[in-house]
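Spelled out from the first residue to the last, the chains are:
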Amino acid sequence: MSRIFINYRRLDTEGYVGRLYDHLLKEFKPTDIFMDVQNIEPGADFVQVLEDAIAACDIFLAMIGPHWGKLYNEAGERRLEEWNDFVRIEIETALKQGKIVVPILVGGSQMPNPSTLPESIMSLSRRNAFTLTHYRFAEDVESLVGFLRGLIPTHPTFKRRAAPDVIARKEKALKDLRLDLLNAKESPLYAYRTEQRYYPVLGEGYADANIMIVGESPGKQEAETGKPFIGPSGEVLDSLLDVIELSRADVWLTNILLDRAPDNRDPNKEELDYYGVYLDKMIEIVDPRVIVTLGRFSMTYILRKFNLPEKTQTISKLHGKLIQIEAENSNLHIMPMYHPAMVLYNPSKRDVLRQDMQRLEMFT
Ligand code: URA
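Everything quoted here is computed from the prediction, not taken from an experiment. (Residues numbered from 1 in each chain as written. Predicted model: local features only at pLDDT ≥ 70, side-chain atom pairs only at ≥ 80, totals over all residues. Heavy atoms only, no water.)

Within the protein one finds 13 helices and 11 strands. Along the first, second and third principal axes, the C-alpha atoms of the protein reach 80 × 45 × 40 Å. Classification of the 364 residues of the protein by burial places 51% in the buried group. Across the protein, every contact between residues at least 6 apart in sequence was considered, and the portion connecting residues at least 24 apart equals 74%. Carbon and sulfur atoms form 50% of the exposed surface of the protein, whose accessible area is close to 17,900 Å². Positive and negative side-chain charges of the protein, numbering 45 and 53 respectively, have mean locations separated by a distance of 4 Å. (Helix = DSSP H or I, 4+ residues; strand = E, 2+ residues; numbered from the N terminus. Buried < 20%, exposed > 50% of the residue type's maximum accessible area, 1.4 Å probe, protein only. Contact = heavy atoms within 4.5 Å. Areas by Shrake-Rupley, 256 points an atom, 1.4 Å probe, with all protein chains shown as cover. Lys, Arg positive; Asp, Glu negative; His and termini not counted. Charge placed at Lys NZ, Arg CZ, Asp CG, Glu CD.)

Listed below in structure tokens is the structure:
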């Protein structure tokens with residue numbers, strides 16, 4: 001869902017919008033920001049697309065530069081009065097939909113006098129404006145961002161983009177955890193790992209991901225490289241992430257077992273207890289909004305960890321169900337899915353996995 005809609009006229013404020021957009025990206029995801037025509041597919045009904053986009057946003061920023069109301073077409077008609085003027089149509093729509101409309105004054109412009117505006121957007125003049133000055137642009141945008149932060153409702157599936165220092169801290173914490181695991185001589189699979197010259201597989205991806213995916217255990221290829229899901233199951237997983245237009249770099253990808261078990265046998269209780277502590281730490285560091293479990297071992301571990309009433313149910317009942325953790329201040333959800341390896345044995349299951357994956361779109 002686009003949360004911030006930026007309305008602007010290219011000839012008037014394009015340069016300012018570019019700068020503003022770059023600053024906003026430090027705080028919000030690109031998908032949180034809708035910038036009119038750039039996002040409209042050829043052939044689409046533009047009024048409908050604009051209405052839908054504005055309906056989906058929380059805040060509407062109307063950029064007003066020095067030429068905003070003063071541009072004319074070749075026939076001498078003011079652009080603001082043209083039947084198909086995007087700028088006016090968008091403002092009309094936002095006002096009609098009762099959105100929070102904030103005029104953003106740039107380039108030394110002033111709020112337009114209502115008598116100079118088409119009737120449908122006259123009330124824009126009464127909206128309190130924000131001014132972005134040339135010399136204090138970064139500071140001015142900072143206070144605009146502070147204002148936007150206060151206004152944008154926090155949806156339980158939404159995670160604000162963390163500041164670079166927060167992300168760096170998380171990356172460091174995960175790196176330390178990996179080192180700790182590498183040297184954990186007491187781990188139940190340490191002897192087997194060193195004997196086979198394998199690596200432990202802590203996980204990889206985005207340290208501040210909204211979505212955390214927990215598989216079962218590293219296979220041979222994974223243990224030889226230290227990377228999760230790079231074998232055939234990984235290919236299936238990549239194609240599933242593609243359904244919601246994500247790549248593995250957007251999520252945190254790990255397993256319930258962090259070392260390969262001999263002959264890929266099922267994890268035993270001692271191993272689950274031991275590696276579960278590492279998984280708990282990863283959940284704490286990454287702080288996702290949803291944990292997607294792949295297969296029954298990670299599902300059971302996570303459902304038990306959060307002591308959920310569903311903990312005794314089977315994966316065939318629970319796959320694709322979004323379970324919200326009820327604890328106070330918790331925005332965490334659990335979604336069990338079948339393991340992608342299932343598709344390798346039974347290709348007809350691919351559709352089930354794709355449908356389940358689709359449900360995660362709200363976290364992207
Ligand atoms: N590779 C992994 O990393 N985990 C699995 O569960 C399967 C393959």
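Text resumes after the structure shown.
This part covers the pairing of strand β3 (residues 59-64). Look at any regular strand and the pattern is simple: side chains alternate between the two faces of the sheet. With respect to burial, β3 is a largely interior element, six of its six residues being buried. Alternating positions in β3 separate into two faces, I59, L61 and M63 on one and F60, A62 and I64 on the other, with burial throughout. In this structure, strand β1 (residues 4-7) lies alongside β3, joined through four bridges in parallel fashion. In the sheet register, I4 faces β3, and the bridge partner there is I59. Here six bridges tie β3 to strand β4 (residues 100-106), and the two strands are oriented parallel to one another. By the bridge assignment for β4, F60 is matched with V101. (Pairing = 2+ DSSP bridges.)

Moving on, we get to the sheet that holds strand β5 (residues 130-132). By way of backbone hydrogen bonds, the strands of a sheet pair with one another, either parallel or antiparallel. Spatially, β2-β1-β3-β4-β5 is the arrangement adopted by the five strands of the open sheet, whose pairing is parallel. Looking at the sheet topology across the chains shown, the edges are occupied by β2 (33-34) and β5. Judged from the three bridges that link them, β4 and β5 form a sheet pairing that is parallel. Bridge assignment links V106 to a residue of β5, and that residue is L132. Of the strands in this sheet, β1, β2, β3, β4 and β5 are in contact with helix α1 (residues 10-24), which crosses β3 at around 140°. Seen against the sheet, helix α4 (residues 137-151) touches β1, β3, β4 and β5 and runs at an angle of roughly 150° to β5. (Axes fitted to C-alpha atoms, helices over the stretch in contact; angles between N-to-C directions.)

Moving on, we get to the environment of M342. Following the sequence through the fold, M342 ends up in helix α12 (residues 341-345). Spatially, the C-alpha atoms of M342 and V236 are 9.5 Å apart, while their sequence positions differ by 106 residues.

With that settled, consider the sheet that holds strand β9 (residues 290-294). Within the open sheet, the six strands sit side by side as β6-β8-β7-β9-β11-β10. Their pairing is mixed. A single partner strand is all that each edge strand has here, and the edge strands are β6 (204-205) and β10 (323-324). Of the pairings in the sheet, the one linking strand β7 (residues 211-215) to β9 comprises four bridges and is parallel in character. Residue I213 lies in a different strand from β9, and its bridge partner there is V292.

The subject of this paragraph is the pattern of salt bridges. Pairing is possible between side chains that carry opposite charge, provided their charged atoms lie close to one another. Taken as a whole and assessed by the stated rule, the structure comprises 20 salt bridges. One salt bridge connects R10 with E14, and the closest N-O pair in it is separated by 3.1 Å. Pair noted here: R10 and E14 are both in helix α1, with a separation of four residues, about one helical turn. Judged by relative accessible area, R10 falls into the partly exposed class, the value being 37%. The salt bridge involving R136 is made with D140; its shortest N-O contact spans 3.8 Å. Overlapping salt bridges bring together E204, K227, D238 and R248 as one network. (Salt bridge = Lys/Arg side-chain N within 4 Å of Asp/Glu carboxyl O.)

Looking now at the site of the ligand. Residues in contact with the ligand, as listed here, are G215, E216, S217, E222, P228, F229, N255 and H339. Taking S217, its main chain carries an N or O atom lying 3.2 Å from a nitrogen atom of the ligand. In the model, a nitrogen atom of the ligand is placed 2.7 Å from a nitrogen or oxygen of the N255 side chain. Considering the ligand on its own, with 240 Å² of exposed area, one finds that the protein chains cover 92% of that surface. Its residues placed into classes, the shell around the ligand shows two nonpolar, four polar and two charged. (Near = heavy atom within 4 Å. Polar contact = N/O pair within 3.5 Å; in protein donor to acceptor, adjacent residues only side chain to side chain. Nonpolar A, V, L, I, M, F, W, Y, C, P; charged D, E, K, R; others polar.)

A few words now on the nonpolar core. Membership of the largest hydrophobic core comes to 60 residues, with the highest contact counts inside it found for I211, I213, L279 and M282. Here the element with the most residues in this core is helix α9 (residues 269-286); it accounts for nine residues. Residue contacts for M282: discarding those within four places in its chain leaves L174, L177, L202, M212, W252, T254, L258 and D287. Y8, F28, V106 and L148 belong to the second largest nonpolar core, which has 23 residues in total. (Core = buried A, V, L, I, M, F, W, Y, C linked by side-chain atoms within 4.5 Å.)

Relative to the elements of secondary structure, E92 occurs in helix α3 (residues 86-96). E92 sits in the buried class, given a relative accessible area of 17%. Ignoring sequence-local partners within four residues, the contact set of E92 consists of S120 and I121.

Take the environment of K311 next. As for its placement among the helices and strands, K311 is situated in the loop between α10 (296-305) and α11 (315-318). In sequence terms K311 and G231 are 80 residues apart; their C-alpha atoms lie 30 Å from each other. In this view, K311 contacts L303 and R304; residues no more than four positions away in its chain are not counted. Within polar-contact distance, the side chain of K311 engages the side chain of N307 at 2.5 Å.

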